[in-house]
Amino acid sequence: MNKRNAMKNAMYAGSFFILYTILQFINRSFFIKYLNVDYLGLNGVLTSLVGMMAVADLGISSAINFSLYAPIKEKNSDLIQSLLLLYRKIYLIIATVVLLTSFILSFFLQDFVDLESKINIYIPFFLLTLNAAVSYTMAASRSLIIANQKDRIASMSDFLGNTFVVITQILVLIFTQNYILYLLLRVIGTLGSNIYITYRARNLIPGYKVKEFIPIKIPKETISELIQNVSGNFFLRLGGIVVVGSDNLLISKFVGITSVGIYSNYLLIIQTLQSLIQQMFNAIVSTIGNFALTSTDDEGEVMYHRMQFLNFVIILGVAIGLESFISTFIYYWLGNKFIFSTVTTQLLIISFFFMNYNITSWNFTAAYGLAGHMRSVSISEMLLNLVFSIMLAKYTHLGINAIILGTILSTILTVGWMNAYVIFKYGFNRSVKSYLVNYLKDIIIFVFLMLISYFLKKQFTNINLILQSISIFVVLLICMLLLVYFVYRKNDEFKYWKCQVLWILKR
């Protein structure tokens, strides 16, 4: 792997994301202050609807990136530009489909949004859809940048565009309290960011400035592989987006739009951390893809276990941090009326753990071009999530907990283990047994830590919230480190990362 590019991409992605996150929380604070909770709930529901239609974000870019690795390595300028031409046509079709689908869906918006106040829901929905469509117009250029392992260029562009949007949105909230103008600024920011990325991408095409582009016929095997991976990635990522997006819709339907607003605050925190972790891991997808072209099955399996161990430790650490601090943070940020019960909060943390445990598997599926094998898995995940969530919400009195529990069950029973099965069978030609053994160990460690947390919260009821959170986190962190050490100390992945940490400390 090109460790230098991977490290640079991860550092840029992480740094820009942290800075943008601070602005995003400030933005949300002003949003709640100047617009009421109905707007917050409406924004959550409409964003979920648009997200479920945003098929360009459903892994198609991953499939496109995969098909660019070989021609970039061979410096085949004509094939690269021919592929980009094809991708632009694909994205144009996608943008058209999204706009048409949103037009049809607009006739049924009232079924998803139940508002007591008279808020126009159609213009906001159109602007959110337009923003999604605009993001596809130059997505092919972003794929070229990422396939060249220059993710940091896209990260910088996104950061500058998002910073402009957040600052201007805050000013709009303060001086006009206009939700429509607030959303329009997002469209402008997305367009500007895409124009900049297209300009930078041109310099990454070998011979772009010195030779005339001659379109060539794309090999049938490349098109066949692309179609298979696009199809597989579509369903793979569609499963994740429908699961998350449908939760907002079901909460609005069975619990109420006010609960969607409260839920969206928790989701902002959880998804912010989730996105940071995913960006750091996604920054090495292109590196994994190039590694897969030259590595043996044994080397691929070793690398997978090392990355999955790192994935587990990071997710576990973030999970105990959320478990310790999330309610305290919301209490001091927004107030007591925006806090969920302890049970609901723990269910959100459990959902976070199981959904993000698969980050390494998602990346290897994309990098190895195995998404075509994931269609049935993703469809099963979507159907089970809807069935479990609706049945529990309709026939129990669990409220919002029923919908979160449905998400957890569908994740565990499908992608929780099937994604790894596909990678080991078709990517490494190996049994998935080694993964399942580690998966069981990791679940036991996580459940044990959640039980410790539940016990500690029962004991620490009469102390300051901040002191309580810090005390619980310290205890959980010590327990986590001890458990991981005793369970994994003899494994190759533990020894590998131990050497990496010691090497960094000695520098």
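Residues numbered from 1 in each chain as written. Predicted model: local features only at pLDDT ≥ 70, side-chain atom pairs only at ≥ 80, totals over all residues. Heavy atoms only, no water.

**Remarks on the environment of Glu 493**
Note the following rule: Segments assigned H or I by DSSP are reported as helices when at least four residues long, segments assigned E as strands when at least two residues long, and all are numbered from the N terminus. By the convention used here, residues are in contact when the closest approach between their heavy atoms is within 4.5 Å.
Within the secondary structure, Glu 493 is located in helix α21 (residues 492–506). Once you skip the residues sitting within four places of it in the chain, Glu 493 turns out to touch His 305, Arg 306, Phe 309, Asn 438 and Tyr 488.

**Quick notes on the packing of aromatic side chains**
Basically, it comes down to this: Only rings of Phe, Tyr and Trp enter the pairing, Trp through its six-membered ring, and a pair is recorded when the two centres are within 6.5 Å. The plane angle decides the type: under 30 degrees is stacked, over 60 is edge-to-face, the rest tilted. Working definition: with a 1.4 Å probe on protein chains only, accessible area under 20% of the residue-type maximum means buried, over 50% means exposed, and in between means partly exposed. Note on geometry: a ring has a charge over it if NZ (lysine) or CZ (arginine) is within 6 Å of the ring centre and within 35 degrees of the ring normal.
Throughout the structure, instances matching the rule amount to 34 aromatic pairs. Considering the side-chain rings of Phe 25 and Phe 329, the 5.7 Å spacing of their centres and the 85° angle between planes classify their relative orientation as edge-to-face. You can see Phe 25 sitting in helix α1 (residues 3–34) and its partner Phe 329 sitting in helix α13 (residues 297–333), a full 304 residues away along the chain. Between Phe 312 and Phe 353 the ring centres are 6.4 Å apart and the planes differ by 80°, which places this aromatic pair in the edge-to-face class. One end of the pair, Phe 312, is in helix α13; the other, Phe 353, is in helix α14 (residues 342–356), with 41 residues separating them in the sequence. Here Phe 312 and Phe 353 have matching classes, each one buried. We note Lys 441 situated over the ring of Tyr 488; from NZ or CZ to the ring centre the distance is 5.7 Å.

**Thoughts on the pattern of salt bridges**
This is how the line gets drawn: We count a salt bridge whenever a side-chain nitrogen from Lys or Arg sits within 4 Å of a carboxyl oxygen from Asp or Glu.
Here the structure, examined in full by the defined rule, presents four salt bridges. Across the pair Arg 430 and Glu 301 runs a salt bridge, and its minimum N-O distance is 3.6 Å. With Arg 430 in the loop between α18 (415–427) and α19 (433–459) and Glu 301 in helix α13, this pair connects stretches of sequence that are 129 residues apart. Classification of Arg 430 by relative accessible area gives partly exposed; the value is 28%. Salt-bridge contacts for Lys 457 lead to Glu 323; the nearest nitrogen and oxygen are separated by 3.0 Å. Taken together, the positions of Lys 457 in helix α19 and Glu 323 in helix α13 put the pair 134 residues apart, joining distant regions of the chain. The buried category is assigned to Glu 323, whose relative accessible area is 2%. When salt bridges with common partners are traced through the structure, they connect Asp 298, Glu 301 and Arg 430 into a single cluster.

**Here's the deal with the nonpolar core**
Note on soluble globular proteins: their nonpolar side chains tend to be buried together. Using the following cut-off: Note on terminology: a nonpolar core comprises buried Ala, Val, Leu, Ile, Met, Phe, Trp, Tyr and Cys residues joined through side-chain atoms within 4.5 Å.
Counting 118 residues, the largest nonpolar core has Leu 316 and Phe 364 as the members making the most contacts within it. The element best represented in this core is α13, accounting for 14 residues. Ignoring any residue separated from it by four or fewer positions in sequence, one finds Phe 364 in contact with Ile 288, Gly 300, Met 303, Tyr 304, Met 307, Ile 423 and Phe 428. Core analysis: the next-biggest nonpolar cluster, separate from the first, contains five residues, Phe 16, Tyr 20, Phe 159 and Ile 170 among them.

**Points about unusual backbone geometry**
Trans is the common state for peptide bonds, and a negative phi is the common state for residues other than glycine. Its identity is not glycine, yet Gln 177 carries a phi of approximately 50°, on the positive side. Along the chain, Gln 177 falls in the loop between α8 (151–175) and α9 (179–201). Given a relative accessible area of 36%, Gln 177 falls into the partly exposed group. Positive phi outside glycine occurs at Asn 429, with the angle close to 55°.

**Comments concerning a nonpolar patch on the surface**
This is how the line gets drawn: Note that patches include only residues with greater than 30% relative accessible area and no salt bridge, and the join distances are 9 Å for like charges and 5 Å for nonpolar side chains (Val, Leu, Ile, Met, Phe, Trp, Tyr). The accessible surface values rely on the Shrake-Rupley method and a 1.4 Å probe; as for residues, cover is taken only from the protein chains in view.
Where nonpolar side chains cluster on the molecular surface, the patch consists of Phe 325, Tyr 331, Tyr 332, Leu 465, Ile 466, Ile 470, Val 474, Ile 478, Leu 482, Tyr 485 and Phe 486 and spans about 1000 Å² of accessible area. Looking at the nonpolar patch element by element, the count peaks at eight residues for helix α20 (residues 465–488). Turning to its location among the elements, Phe 325 is positioned in helix α13.

**Re the environment of Thr 21**
By secondary structure assignment, the location of Thr 21 is in helix α1. Separated by 252 residues in sequence, Thr 21 and Leu 273 place their C-alpha atoms 9.1 Å apart.

**Topic: the packing of helix α4 (residues 77–105) against helix α7 (residues 139–147)**
Convention followed: Every axis corresponds to a line fitted to the C-alpha atoms, with the helix fit spanning only the stretch in contact, and the corresponding angles, defined between N-to-C directions, vary from 0 to 180 degrees. Roughly parallel means an angle under 35 degrees; roughly antiparallel, over 145; roughly perpendicular, 65 to 115; everything else is oblique. Less than a right angle of anticlockwise turn of the near helix away from the far helix marks a crossing as left-handed, whereas a clockwise turn marks it as right-handed. Three residue categories are used. Nonpolar comprises Ala, Val, Leu, Ile, Met, Phe, Trp, Tyr, Cys and Pro, charged comprises Asp, Glu, Lys and Arg, and polar comprises the others, including Gly.
In the contact formed by α4 and α7, the axes pass within 8 Å of each other and the chain directions differ by 140°. Classified by the angle between their axes, α4 and α7 sit oblique to one another. For the crossing formed where α4 meets α7, the hand is right-handed. Residues Ile 80, Leu 84, Tyr 87, Arg 88 and Tyr 91 of α4 pack against Ala 139, Ala 140, Ser 141, Ser 143 and Leu 144 of α7. Split into classes, the residues belonging to the contact of α4 with α7 amount to seven nonpolar, two polar and one charged.

**Comments concerning the side chain of Thr 365**
The cut-off we apply is this: Under the rule applied, a polar contact is a pair of N or O atoms within 3.5 Å (in protein, one hydrogen donor and one hydrogen acceptor; residues adjacent in sequence only if both atoms are side-chain atoms).
Checked against the element boundaries, Thr 365 lands in helix α15 (residues 359–367). You can call Thr 365 buried: its relative accessible area is 0%. Reaching out from Thr 365, the side chain makes a polar contact with the backbone oxygen of Ser 361 at a distance of 2.7 Å. One polar contact links Thr 365 to Asn 419, side chain to side chain, over a distance of 2.8 Å.

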